[in-house]
Amino acid sequence: MHKPLRIAAVAATCAVAGAALYGTGVATADQSTANSTEEPHNIGLLVGEIDTYYGTTLDSNGVYQASTTSPYAKDLADIESDAKKYIKKVADRAGHKGQKPAVVFDIDDTLLLSLDYEKKTNYTYNSATWAEYVAKADRPAVFGTPELVAYAKSKGIEVFYNSGLKESQRAAAVANLKKVGVDINLDADHMFLKDAANPPSYLSACATTAAWTCTTVQYKSGTRKHIESLGYDVVANFGDQYSDLEGGYADKTYKLPNPTYYVS
């Protein structure tokens, strides 16, 4: 995963299941601003709101975990419940029409939760520490998403993964996904990762062996277009960033909550 716009302590407007965490930016009674009507949200307060949203706790192993009773968990449950209803409807329809429906999942903070990394790096991105974190292959699951992957498969929907992780991180990603119970279609034909050294021909407009210039939207939508070129209809696309979802080539999109960073 490459996060080009990670912002220290998340000083950006973050949407959670369609509701912004930011306040209006108006000065409070004990706080004045000169010539400003749009003061940014206080970072310290925002971090506290994020902790409350996740129900963040430090476990006995020194790992920050989200709570299963948190607002975050509730929002995920609501999204996943709606998604299962939709998947069942699509599967029933496809069975009658002989279609080849598929679902596409992002990985980072869609299937594997990176909250511990975010907390311990003060919500900043460093390529070296991120690589070390991914290599441990020990991230917990995003609540409910392994079950959602299994549900789609049980309904005859083909499962694909479309991630910003690097090709060199494939083994760690597969190991981590298996550890949390996602063990479906983890082969190279179904899991698409960024391969800057040998970019696929379907991304040739923005990626060559000489240079990778694809934006996240170009990379992810181009990959979905490729999946559909194989004869599949991407009926649902799941991601924690809007850039995971934009660009078309999906009948329906599901934005999972993530107030800790933003990827354009």
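Residues numbered from 1 in each chain as written. Predicted model: local features only at pLDDT ≥ 70, side-chain atom pairs only at ≥ 80, totals over all residues. Heavy atoms only, no water.

1. Some words on the overall build of the protein
Put simply, the test is: A helix here means a DSSP run of H or I that spans at least four residues, while a strand means a run of E at least two residues long, and both kinds are numbered starting from the N terminus. Note on contacts: a residue pair is in contact if any heavy atoms of the two residues lie within 4.5 Å. A 1.4 Å probe and the Shrake-Rupley method give the accessible areas. Residues count as covered only by the protein chains that appear here.
Helix and strand counts for the protein come out as 8 helices and 9 strands. Long-range contacts, defined as pairs at least 24 residues apart, comprise 67% of the intrachain contacts of the protein with a sequence gap of at least 6. Just so you have it, the protein exposes about 12,300 Å², and 53% of that area is on carbon and sulfur atoms.

2. Overview of the sheet that holds strand β7 (residues 191–194)
For clarity, the cut-off: Two strands are said to pair when DSSP picks up at least two bridges between them. To get an axis, fit a line to the C-alpha atoms, keeping to the stretch in contact for a helix; angles then go from 0 to 180 degrees between the N-to-C directions.
The parallel open sheet is built from 5 strands, whose spatial order is β7-β6-β5-β8-β9. Two strands in the sheet have a free side with no partner beyond their single neighbour: β7 and β9 (253–255). Across the sheet, the mean angle from the axis of one strand to that of its neighbour is 15 degrees, orientation sign disregarded. As paired elements, strand β5 (residues 101–105) and strand β8 (residues 233–239) share 5 bridges and run parallel to each other. From the neighbouring strand, Ala102 faces β8, where its bridge partner is Val234. Set on the sheet, helix α7 (residues 216–229) makes contact with β5, β6 (158–166), β7 and β8; between it and β6 the angle comes to about 150 degrees.

3. So, the nonpolar core
Short version of the rule: Put simply, buried Ala, Val, Leu, Ile, Met, Phe, Trp, Tyr and Cys residues joined by side-chain atoms within 4.5 Å make one nonpolar core. Type-normalised accessible area, obtained with a 1.4 Å probe on protein chains alone, sets the label of each residue: buried when under 20%, exposed when over 50%, and partly exposed for intermediate values.
Among the nonpolar cores identified, the biggest contains 49 residues, and Val103, Phe105, Ile107, Tyr161 and Phe238 are the most heavily contacted of them. Of all the elements, helix α2 (residues 71–97) adds the most residues to this core, at 8 residues. Excluding residues that lie within four positions of it along the chain, Phe238 makes contacts with Ala83, Ile87, Val103, Val104, Phe105, Asp106, Thr110, Leu148, Leu245, Tyr254 and Leu256. Counting residues in hydrophobic clusters, the runner-up holds 12 residues, among them Ala102, Phe192, Ala207 and Tyr232.

4. Quick notes on a positive patch on the surface
To keep it simple, the criterion reads: Nonpolar side chains (Val, Leu, Ile, Met, Phe, Trp, Tyr) within 5 Å and like charges within 9 Å form the patches, drawn only from residues with over 30% relative accessible area and no salt bridge. The rule for a salt bridge is simple: a side-chain nitrogen of Lys or Arg has to be within 4 Å of a carboxyl oxygen of Asp or Glu. A residue counts as positive if it is Lys or Arg and as negative if it is Asp or Glu; His and the chain ends are not included. In this description, the location of a charge corresponds to atom NZ of lysine, CZ of arginine, CG of aspartate or CD of glutamate.
On the surface, Lys89, Arg93, Lys97 and Lys252 cluster together into a patch of positive charge. Mapped onto the secondary structure, Lys252 falls in the loop between α8 (242–245) and β9.

5. Quick notes on the pairing of β6
Among the 9 residues of β6, 8 are classified as buried, and the element is accordingly described as predominantly covered. In terms of strand pairing, β5 meets β6 through 4 bridges, oriented parallel. Looking at β6, one finds that Phe105 is bridged to Tyr161. Bridging between β6 and β7 involves 3 bridges; their strand directions are parallel. The residue bridging Tyr161 from the neighbouring strand is Met191, located in β7.

6. A few points about the pairing of β8
Most of β8 sits inside the fold, with 6 of its 7 residues counted as buried. Here 3 bridges tie β8 to β9, and the two strands are oriented parallel to one another. Counted as the bridge partner of Asn237 is Thr253 from β9.

7. Brief notes about the side chain of Asp244
Mapped onto the elements of the fold, Asp244 is located in helix α8. For Asp244, a relative accessible area of 5% puts it in the buried group. The contacts of Asp244, once residues within four sequence positions are left out, are Asp106, Lys220, Arg224, Asn237 and Gly239.

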